[in-house]
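A structural walkthrough
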Amino acid sequence: MRHYKKGRKLGTDASHTKAMKKSLLVAIFTNDRIKTIESRAKEIRSEVDRVITWAKKGDLHSRRLAIAKVGDKELVREVFEKAAQGMWADRNGGYTRIMKLGPRKGDNAPMVIIELVTEACTPKVKAEAPVEETAPVAAVEETAEAEAEAKQE
């Protein structure tokens, strides 16, 4: 039974899946973009976001967690330096972008490019509704009295 086993199986046993995720994580931080199948990209996107969040935090505990996840001290140092320079300072999550490419020729697997988002985040501003001018309270009372007199006559 699969109780408490989160994530996709990716067609392999647990140890191979874990090793594959780790190598994809190293590849995306090394190259900033990789080409892979859609299920693998969706599976590693949360781990990439987690490592970048640790990098934004920047403390020793976060660095040790990132080294344990990625497995390469020099690569973790580079990611932490990018985060310290403010590469993702204005972004609260969503550090990756997945772009679909279409099916692979051999086995028709859906291919995608997953890349790190580097441009600045611009917050969406809601369009303000036009403000209706309200009449002063005295004017409202006068119109109410005028309407009441008109009904009596």
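Small disclaimer: the values here were computed from a predicted structure and weren't measured.

In terms of helices and strands, the protein carries 5 helices and 3 strands. Counting from the amino terminus, helix and strand elements in the protein follow one another as α-β-α-α-α-β-β-α. In terms of overall size, the protein is more extended than a compact globule, its C-alpha atoms giving a radius of gyration of 27 Å where 153 residues would be expected to give roughly 15 Å. Seen through its principal axes, the protein has C-alpha atoms that stretch 90 × 40 × 35 Å. When each of the 153 residues of the protein is scored for burial, the buried share is 28%. When the accessible area of the protein is evaluated, it comes to approximately 11,300 Å², of which 53% is carbon and sulfur surface. For the protein, the distance from the average position of its 30 positive side-chain charges to the average position of its 24 negative side-chain charges is 20 Å.

Taken as a whole, the protein shows an average pLDDT of 87; of its residues, 90% reach a score of 70 or greater. Helix α3 (residues 60-70) holds the highest mean pLDDT among the elements of the protein, 96, whereas helix α5 (residues 137-152) holds the lowest, 69.

So, how was this worked out
- Residues numbered from 1 in each chain as written.
- Predicted model: local features only at pLDDT ≥ 70, side-chain atom pairs only at ≥ 80, totals over all residues.
- Heavy atoms only, no water.
- Helix = DSSP H or I, 4+ residues; strand = E, 2+ residues; numbered from the N terminus.
- Rg over C-alpha atoms; globule rule 2.2 N^0.38 Å.
- Buried < 20%, exposed > 50% of the residue type's maximum accessible area, 1.4 Å probe, protein only.
- Areas by Shrake-Rupley, 256 points an atom, 1.4 Å probe, with all protein chains shown as cover.
- Lys, Arg positive; Asp, Glu negative; His and termini not counted.
- Charge placed at Lys NZ, Arg CZ, Asp CG, Glu CD.
- pLDDT = per-residue confidence, 0-100.

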